[in-house]
Amino acid sequence: MNKNIFKLILSILCLLTAASCSNDNGEDPILPPDPNGNESVTYTINRCKITEVDPKVSVSNNAIFSWTVTSAPNNTYSIQNTNKEKPLFIATQSGEYKLKLQITDNGKTLSKEAIIKVDKESKAYKYYINKVYDFVPAPGQFINDLPPANNGDSYETILRRTNDYLAKEQGTLISLGGFGGYVVFGFDHTIANVKGKRDFRVLGNAFWADKNPNPNAPTRGGSSEAGVIMVSYDKNGNGLPDDEWYEIKGAAHDMKETIFNYEITYHKPDPNKKPVPGGGTGTVMFTDIEYIKWEDNKNTTSYMWQNNAYNHSLDYWPRWLNDKQTMTFKGTRLPDNAVDESGTGSYFVQYAFAYGYADNAPNTDIESAIDIDWAIDSNGNKVHLPGIDFIKVYNGLNQQCGWLGETSTEIMGATDLHIKGEDIPTRETN
Ligand SMILES: [Ca+2]
Ligand SMILES: [Ca+2]
Ligand SMILES: [Ca+2]
């Protein structure tokens, strides 16, 4: 018999004998999921893919759900929404996982099993970045150098170049420029949020100072140019980073100097404007201390200085955005972290925040690794994501450091720690 016709006849029978089909007849209100009457549902999925587990039950709106994992080949999986009808499940390793659902509905307790068979992918996942989706740096000294940009280059050209720089095993540095400049990238799989473990790291070029003249340095520091990390998963399943973003709450988040909803607007310098030189430090000259005017939403107006250090381009404005007269960026501004430890402007130490940022601790340091469970929503509430597909990093500092120039986050890649095989426990957080 056609299944739909069978269902229709069943429904009519139920209507005719409503009392015996209702849930108060002492029978299990959960309908069998399939015509064979199995009391379990089975899924076969690839690893590193978020699956919504549908127990295929029919219960009242008052039903209370509780999911637990009863058997798993290892502990590197993630289950979220365990108090909802359909939890989200993801595993980083293949094998068979058994989930148990307990339902309390109208005073009755019922249970149901979900069996999830996790396979290894047919084409091996990459532990590094698969694709760069967006790159909009703020003005800065390494803009047009990292990556290089020439007059006439388009946004698409630069995006491809940035992709070439970052979407590989050994990436090449890009600069995000001043506060707010950002890059968005993703992976060829979902990075699972494994409980109790850190899940990924963003790679930068941070390093610890080896000659800090301050014997009482308050914390580790050197070249720490914290970028704020945002994460997202492809909730709508379209493969694009157009879903809700969540901020990774790092150690600076609760510091009193941190400014939320900070906004800055940079003004493109007039090419005919007369530079205002401001001396120099060592061989580095401040060629224009009124170079890029900016104002923020805290009533500050100031300038990003131009310097001639490092043989970098003297054009700080992104050449492919030359048609823009202003650029505005928003985000969380972290406390200034640079201290002139020489007292003469020759030796700046940028003190690192304890955890939770990009380009803040060296790539080999445990504190460059991030736990997805540190994510918060736009109201500052903790969220527990099953995993993430996309990462956005923006420079969280608005700071000039003498001859070092403006502080700018650099990025050279990102790593899924689970696929790479690095096992790093999470840490205590604020
Ligand atoms: Ca985690
Ligand atoms: Ca999406
Ligand atoms: Ca850096």
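How each quantity is defined
- Residues numbered from 1 in each chain as written.
- Chains lettered and ligands numbered in written order.
- Predicted model: local features only at pLDDT ≥ 70, side-chain atom pairs only at ≥ 80, totals over all residues.
- Core = buried A, V, L, I, M, F, W, Y, C linked by C-beta atoms within 7 Å.
- Buried ≥ 20, exposed ≤ 12 C-beta atoms within 10 Å, placed from the backbone.
- Helix = DSSP H or I, 4+ residues; strand = E, 2+ residues; numbered from the N terminus.
- Domains from an automatic or database assignment.
- Contact = placed C-beta atoms within 7 Å.
- Pairing = 2+ DSSP bridges.
- Nonpolar A, V, L, I, M, F, W, Y, C, P; charged D, E, K, R; others polar.
- Expected span 1.5 Å × (residues − 1).
- Arc of directions from axis to C-beta.

### Quick look at the nonpolar core
Next up, step 1: The biggest cluster of nonpolar side chains holds 101 residues, and the ones touching the most others in it are Val-183, Ile-229, Val-231, Ile-391, Val-393 and Ile-411.
Next up, step 2: Among the elements that take part in this core, strand S10 (residues 182-192) stands out by supplying six residues, more than any other.
Next up, step 3: Residue-level mapping places this core at the junction of two domains, with at least three residues from each of domain 1 (25-119) and domain 2 (131-420).
Next up, step 4: Not counting chain neighbours up to four residues away, the residues in contact with Ile-391 comprise Phe-185, Val-202, Ile-229, Val-231 and Ala-414.

### As for the sheet that holds strand S22 (residues 348-351)
Next up, step 1: The antiparallel open sheet is built from four strands, whose spatial order is S12-S13-S22-S21. The open sheet has two free edges, formed respectively by strand S12 (207-208) and strand S21 (338-340), since each of these has just one partner strand.
Next up, step 2: Sheet topology note: the S12/strand S13 (residues 221-223) ladder contains two bridges and is antiparallel. Looking across to S13, one finds that Trp-208 is bridged to Gly-222.

### A word on the domain arrangement of the chain
Next up, step 1: Splitting the chain by domain gives domain 1 (25-119) and domain 2 (131-420).
Next up, step 2: Computed from C-alpha coordinates alone, the two centres of domain 1 and domain 2 are separated by 41 Å.
Next up, step 3: Counting from both sides, the interface comprises 10 residues of domain 1 and, opposite them, 12 residues of domain 2.
Next up, step 4: Mapped by element, the contributors of at least two residues to the side of domain 1 that touches domain 2 are strand S4 (77-80) and strand S5 (88-91).
Next up, step 5: Examining the composition of the side of domain 1 that touches domain 2, we find that three residues originate from one element, S4, more than from any other.
Next up, step 6: In terms of residue class, the side of domain 1 that touches domain 2 is built from five nonpolar, four polar and one charged.

### Re the sheet that holds S5
Next up, step 1: Spatial strand order, S2-S5-S4: three strands in an open sheet with antiparallel pairing. Two strands lie at the open edges of the sheet, namely strand S2 (51-52) and S4, each paired on one side alone.
Next up, step 2: In terms of strand pairing, S2 meets S5 through two bridges, oriented antiparallel. The partner of Glu-52 across the bridge, within S5, is Leu-88.

### Description of the pairing of strand S19 (residues 301-307)
Along any regular strand, the residues point their side chains to alternate faces of the sheet.
Next up, step 1: Summarising the sheet, strand S18 (residues 284-296) and S19 pair through six bridges and their orientation is antiparallel. Residue pairing for S19: Asp-288 is matched across the bridge by Gln-306.
Next up, step 2: Following S18, the chain reverses through four residues before pairing antiparallel with S19; Asn-299 in that reversal takes a positive phi of roughly 65°.

### Quick word on unusual backbone geometry
Next up, step 1: Leu-146 connects to Pro-147 through a cis peptide bond whose omega is 0°.
Next up, step 2: With respect to the secondary-structure elements, Pro-147 resides in the loop between strand S8 (131-136) and helix H3 (155-166).
Next up, step 3: Of note in the backbone geometry, Asn-261 takes a positive phi value of approximately 55° without being a glycine.
Next up, step 4: Relative to the helices and strands, Asn-261 resides in strand S16 (residues 259-267).

### Considering the environment of Thr-283
Next up, step 1: By the secondary structure assignment, Thr-283 is in the loop between strand S17 (280-281) and S18.
Next up, step 2: C-beta crowding within 10 Å serves as the criterion here: with 8 such atoms nearby, Thr-283 is assigned to the exposed category.

### Observations concerning H3
Next up, step 1: Compared with the 16 Å implied by 1.5 Å per residue over 12 residues, the 16 Å span of H3 between its first and last C-alpha is a close match.
Next up, step 2: Regarding H3, the residues found buried are Ile-158, Thr-162, Tyr-165 and Leu-166. Looking straight down H3, one finds its buried side chains confined to an arc of 80°; they lie on one side.
Next up, step 3: Of the surrounding secondary structure, the elements contacted by the buried residues of H3 are S8, strand S9 (174-175), S10, strand S28 (410-411) and strand S29 (413-416).

### Describing the environment of Glu-428
Next up, step 1: Examined against the element boundaries, Glu-428 turns out to sit in the segment after helix H4 (417-420).
Next up, step 2: Judged by local crowding, Glu-428 falls into the exposed class, with 6 C-beta atoms found within 10 Å.
Next up, step 3: Expressed as a C-alpha distance, the spacing of Glu-428 and Tyr-127, which sit 301 residues apart in the sequence, is 26 Å.

### Topic: the pairing of strand S7 (residues 108-119)
Next up, step 1: Examined bridge by bridge, strand S1 (residues 40-46) and S7 share seven bridges and lie parallel to one another. Across the sheet, the residue bridging to Thr-42 is Ile-115, located in S7.
Next up, step 2: As paired strands, strand S6 (residues 95-105) and S7 are joined by 11 bridges and run antiparallel to one another. If you follow Gly-95 over to S7, its bridge partner there is Val-118.
Next up, step 3: In sequence, S6 turns back onto S7 through a hairpin of two residues, with Asn-106 there showing a positive phi of about 50°.

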